[in-house]
Amino acid sequence: MDTTQLISIQQFCTHYNVPIKFINALQEYELIEITITDNQDYLQTNQLNAIEKMMRMHYDLDINFEGIDAIYNLLKQVEQLQEEVRVLKNKLSVYEGF
């Protein structure tokens, strides 16, 4: 498998000084996906921003994993709704020209 879009969990945890059990807990709540290649656990690089947000919620704001799960899912819904509003505004602007 191509590992250019992956980062080792061990390397990530060392860089950010977080325990591996934090990453495992995020996976248990299905907030992230762990990719296993050659008996090594990896994170996809496109998940890093989300993981950093969840780290700040947990360590800086002292939010438990249940709270992170709820907040993260609500934030995803807000982003989807914002995208839908953007698309609808674009459609509306086409008709306003008539």
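Above this text is the structure in question.
Criteria and cut-off values
Residues numbered from 1 in each chain as written. Predicted model: local features only at pLDDT ≥ 70, side-chain atom pairs only at ≥ 80, totals over all residues. Heavy atoms only, no water. Helix = DSSP H or I, 4+ residues; strand = E, 2+ residues; numbered from the N terminus. Buried < 20%, exposed > 50% of the residue type's maximum accessible area, 1.4 Å probe, protein only. Contact = heavy atoms within 4.5 Å. Expected span 1.5 Å × (residues − 1). Polar contact = N/O pair within 3.5 Å; in protein donor to acceptor, adjacent residues only side chain to side chain. Axes fitted to C-alpha atoms, helices over the stretch in contact; angles between N-to-C directions. Parallel < 35°, antiparallel > 145°, perpendicular 65-115°, else oblique. Phe/Tyr/Trp six-rings, centres within 6.5 Å; stacked < 30°, edge-to-face > 60°.

Asks: Honestly, the environment of Asp41 in this entry has me stumped. Any pointers?
Replies: Here Asp41 lies in strand β3 (residues 40-44). With relative accessibility at 34%, the residue Asp41 sits in the partly exposed group. Remark: the alpha-carbon pair of Asp41 and Glu84, spanning 43 residues in sequence, is separated by 35 Å. Those residues in contact with Asp41 that sit more than four places away from it in its chain are Ile7, Ser8, Ile9, Ile34, Thr35 and Ile36.

Asks: Would you mind showing me how to read helix α3 (residues 48-60) here?
Replies: The α-helix winds at 3.6 residues per turn, so residues separated by three or four positions along the chain end up facing the same way. For α3, built from 13 residues, the straight-helix expectation of 18 Å at 1.5 Å per residue is met to within 8% by its first-to-last C-alpha distance of 17 Å. Leu48, Ala50, Ile51, Met54, Met55, Met57 and His58 are the residues of α3 that are buried. Where α3 is buried, its residues touch β1 (6-8), α1 (9-16), α2 (20-28), β3 and α4 (65-96). Directly beyond the C-terminal end of α3, a positive phi value near 60° is found at Asp62.

Asks: When you look at the side chain of Ser8 in this model, what are you seeing that I'm missing?
Replies: Within the secondary structure layout, Ser8 lies in strand β1. We classify Ser8 as buried; its relative accessible area is 11%. A polar atom in the side chain of Ser8 sits 3.2 Å from the backbone nitrogen of Gln10.

Asks: Before we go on, may I ask you to explain the packing of α2 against α3 in this structure?
Replies: Any two packed helices are characterised by the angle at which their axes cross and by the distance between the axes. It is the contact of α2 with α3, at a shortest axis distance of 12 Å, that shows an interaxial angle of 110°. Relative to α3, the element α2 lies roughly perpendicular. Contacts between α2 and α3 involve Phe22, Ile23 and Leu26 from the former and Ile51, Met54, Met55, His58 and Tyr59 from the latter.

Asks: In this structure, what is going on with the environment of Thr45? I would like to understand it.
Replies: With respect to the helices, strands and loops of the structure, Thr45 is situated in the loop between β3 and α3. By relative accessible area, Thr45 is classed as partly exposed at 29%. C-alpha of Thr45 to C-alpha of Glu83: the two residues are 38 residues apart in sequence and 23 Å apart in space. Apart from the residues lying within four places of it in its own chain, the contact partners of Thr45 are Gln5, Leu6 and Ile7.

Asks: Could you clarify how one ought to interpret the packing of aromatic side chains in this entry?
Replies: The geometry of an aromatic ring pair comes down to the distance between the two centres and the angle between the two planes. Across all of its chains, the model carries four aromatic pairs by this definition. When the ring of Tyr29 is compared with that of Phe65, the centres are 6.1 Å apart and the planes differ by 15°; the resulting orientation is stacked. Residue Tyr29 is found in the loop between α2 and β2 (34-37), and its partner Phe65 is found in helix α4; the two are separated by 36 residues along the sequence. Given the relative accessible area of 16%, Phe65 is considered buried. An aromatic cluster is defined as three or more aromatic residues linked by ring pairs; in this entry it consists of Phe22, Tyr29, Tyr59 and Phe65.

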